Amino acid sequence: MVPTDPADGPTGLVNDALGTLPPEEESYGVEDQLLRRKLKRQMFAAASVPPVKIGRYDVLEGIGRGAMGNVYAAVDGELDRKIAIKLLRAGRPGGRERMLREARALAKLSHPNVVTVHEVGTHGERVFVAMEFIAGNTLRAWLGQPRTREEVREVLGQAARGLHAAHQAGLVHRDFKPDNVIIGQDGRVRVVDFGLAKPSQPAEPVALVETPNDANGGAEAATDLTRTGQLVGTPAYMAAEQFLGEAVDARTDVFAFSVTLYECLANTRPFAGTNTAELAKSVLDEQVRALEGEGALPKLVHAGLSRDRERRPASMLPFIEALAAGTSSRPARRGARRWVFSAAALAVVAGGTVALRESDATSTAQPSPPRVQATAAASAGVKDPADDRAAEAMATLLEAPDEAARVEHAKAYLESFADTGGDARRAIAESTLGESLWRASCDRPTAGLCIDLQAKPTADAYPHCDGTRRGPIAQRPRDPALSADALAHLQIVAELAHATPPEREAERDAWAGATRLAHVRIADAELEPLLALAVPPDLDFQDETAALSSAAVRMFLTRVTRDAQRLLKGYKRAKGHSAELDVLAAFRTGLVFEAGSEPFALAPIPATLVDDAEKRAAYCDALDAVIEPPRQAAQKVYAWCDTRAAEGGVDSEAAQRCRNALGR
Amino acid sequence: MESDADLLRAWQDGDAAAGERLFDRHYRAVARFFRNKVDGAIDDLVQTTFVGMLEAKDRFRGEGSFRSYAFGIAFNVLRTHYRGRRRDAQVDFAVTSLRDLGAGPASMAAAKAEQRLLLEGLRRIPAEHQSILELYFWEPLTAGEIAAVFDLPVGTVRTRIRRAKALLAEQIAEVGGQGEALLSTTTSLEDWARQVRPQ
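Here the structure is a predicted model, which means the values were calculated and not measured. (Residues numbered from 1 in each chain as written. Chains lettered and ligands numbered in written order. Predicted model: local features only at pLDDT ≥ 70, side-chain atom pairs only at ≥ 80, totals over all residues. Heavy atoms only, no water.)

On to the overall build of chain A. Summing up its helical and strand segments, chain A has 23 helices and eleven strands in all. Out of the 664 residues in chain A, the part that is buried amounts to 51%. (Helix = DSSP H or I, 4+ residues; strand = E, 2+ residues; numbered from the N terminus. Buried < 20%, exposed > 50% of the residue type's maximum accessible area, 1.4 Å probe, protein only.)

Structure (structure tokens):
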């Protein structure tokens, strides 16, 4: 027992923590024995030091270290062959069974491009995987020399087939990267380290804030991005869902494969960032450096790098086809068409989830949505008869009696005057179309948002700290084609926000309103998924209040705060034109704040705390500290919203909802 | 069972088997001592420590604890290791932390976030304080034994243990405080609410 000093007082916590250390002695078991054996041989010339054993294998030496565990070269005495053994770190209870199950599933899988697993067993508390010893290079080392596109296609094609075979068997790799692809001396490519990267603990949060003290570790941090760390995978290859601690599936591997393929083709990685936080931001903001090149492959890679997995190819098949297309003598064009077909087929297979939008697959043939060009007439202020005709067409649009007529006039206007009638007028017409399409893309909107407010859980069904204020929010799917079209129009409106204001008052007013509404809709498109976000179910609170105040909170807030700040800017732009828009923007703003509080209020209380009143109270205090600031901010905004609605005589759904939310 | 002192004497007199037994007894603790203090391989440091026992014939006279003697050598080996990495050769372990000396992130494996926090905190306090705390809690050595390791009065060691804990608590709060920085980001969103208030 650790001696305690009664005078410790506030450092008691430190005492407790120190008392549990040294940590993970057992993870040094094999290392310790190997080092001990080596030193004894050196120091005492001891001939009779027994070999270090894992299972029935004699360990020779360590050949790799990773966050998941260390790899050793070993000898199988019975079969007289050299093997590789991966000894996994001990996970939390339950994790071991899962690892065993997955490793056994992998052992059953026989595919030329997947490493052969000989045996799965336990060594003390830890799982080991004995597998074929592959003499060869990792893909990363292989890339150290210049390679032709054909070579890259061949190697990556094999790796893609290996991944696909595993996916078919229900396995997810979780940590695919060039270091986990081995090119044997025989040229055969094997994917290694399947399914072992599941975190043995709640994922480490992505720190938004770099400590200044870490400045000297910068160079090191950069190289660390390719190493499996305390995060759920290897930062440079991690998909958004991994940064967010959400569940992973085959499409997570599709993302990692796309990063790898990109890296092979472009000799650089797709997302910028010298540390994990920057990288996570690039991935979550989808800031991909464009990949040059002909044919279907760059497009496919970009689709694979989408933040939302729904927009990634649903399986490895398109990659296998596209990579094979390039190695044959078929013209690339034909390969591209074949892929377009298979992507469409996949979209159907995926059961309504459109893996790749039709417009994505065909947009090579079509011009992208018309980009903005300043028109000479408007910028130079030159009067000409064409301007009068445009003004007339615009007046007809503005005076149209209903939405159908407005849409017709907007189309007619754009057909004749899109590039000649002036930027502000164009914005008005684009906004008319965008707004109409946006509304049509949702079958049952709630105050203009495509969401469902679900019933508030009852106290006994949902034992929680002090109850919750509203139920969870579910996102209703918008029609993907309609909403994509709508946003394309609305983006144009946003881009034209700095055009010269029109002279005619009616146009000026309509343009100001259209621009602001476009900002609201563009932000809405991001707000809807944000509102549906729940505290990731994978996070467990087994570490009780400590975990709540650190890992879970930080990780979730990383996403919410970043998205929220962007959205708040969008809604802020909507303010200052009319009471109605002010109220709408304020209501949205309140929702943004609630996105930072209500998911926590709805997070289930850890089972371990349910029966312990004291711990539960501490947990609830910690929870309140997180929930209260954004809740209060939301209340302030709702109060302002209510006042503004009353002043301006606004009785929209948004106004009513602001009122109802007050004091909630 | 032979005492450590007997084994050391026998080893010093050329009995390798005695040396092996002594090595087996203390290998783990010595390895552990270095693990949270250097990145990378600790082979040489462990070996130098044991060889040091063999060479420093006259220091251990069978008085006091053998472990104090062993850790005293280990601490010197550590100091020499870091001096070798610095040009100015002056490293005061009473005020300099290993992190200041450029030790990278903790290489010691820790499964839980709090443990990593603790290891990181330990590396941020002066190296002597770090060593004192680790020996006191992990081995555990008594204050008297620790006094022998560092050649300090027992009263001073007691004071340093308390001081080290306070420093550690501060460092942990600082390292762990990144979460709060984020929370303040959330509250800074409140600014917006203020801006939208009617003039």
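Summing up its helical and strand segments, chain B has ten helices and zero strands in all. Going residue by residue from the N terminus, the α and β elements of chain B occur as α-α-α-α-α-α-α-α-α-α. Among the 199 residues that make up chain B, the fraction classed as buried is 53%. For chain B, the share of sequence-separated contacts (at least 6 apart) that also reach a separation of at least 24 residues comes to 59%. (Contact = heavy atoms within 4.5 Å.)

What follows is about the state of the cysteines. Note on terminology: a disulfide is the covalent bond linking the sulfur atoms of two cysteines. All names here are of chain A. One pass over the full model with this rule turns up two disulfides over all chains. Disulfide partner of cysteine 442: cysteine 450, at an S-S distance of 2.0 Å. Judged by the torsion about the S-S bond (90°), the cysteine 442/cysteine 450 disulfide is right-handed. Assigned by exposure class, cysteine 442 and cysteine 450 land together as buried. The disulfide partner of cysteine 641 is cysteine 658, and the S-S distance across this bridge is 2.1 Å. A torsion of 85° about the S-S bond marks the disulfide between cysteine 641 and cysteine 658 as right-handed. Here cysteine 658 lies in helix α23 (residues 653-661) and cysteine 641 lies in helix α22 (residues 613-648), a separation of 17 residues in the sequence. There is no split in this pair, since cysteine 641 and cysteine 658 are both buried. (Disulfide = S-S within 2.5 Å.)

Residues and elements named next belong to chain A. In this fold, glutamate 435 is placed in helix α17 (residues 423-440). Exposure remark for glutamate 435: the relative accessible area of 8% places this residue in the buried category. There is a polar contact of 2.8 Å between the side chain of glutamate 435 and the side chain of arginine 521. With residues up to four places along the chain from it excluded, the contact list for glutamate 435 reads Leu490, Leu517 and Arg521. (Polar contact = N/O pair within 3.5 Å; in protein donor to acceptor, adjacent residues only side chain to side chain.)

Turning our eyes to something else, we now look at the nonpolar core. Membership of the largest hydrophobic core comes to 66 residues, with the highest contact counts inside it found for A:Leu139, A:Leu156, A:Phe176, A:Phe257, A:Leu261 and A:Met316. Broken down by element, this core gets its largest block of residues, nine residues, from helix α8 (residues 250-266) of chain A. For A:Met316, the residues in contact, after removing those within four places along its chain, are A:Ala160, A:Leu163, A:His164, A:His167, A:Val254 and A:Phe257. Counting residues in each nonpolar core, the second largest holds 61 residues, with B:Ala5, B:Leu135, B:Leu141 and B:Phe150 among its members. (Core = buried A, V, L, I, M, F, W, Y, C linked by side-chain atoms within 4.5 Å.)

Attention now moves to the confidence of the model for chain B. All names here are of chain B. Averaged over chain B, the pLDDT score is 76; the fraction of residues at 70 or greater is 75%. Note on residues 179-199: pLDDT under 50 across the span, and 37 contacts to partners over four residues away in sequence or across chains. Under the prediction, the complex receives an ipTM of 0.77, its pTM being 0.48. (pLDDT = per-residue confidence, 0-100.)

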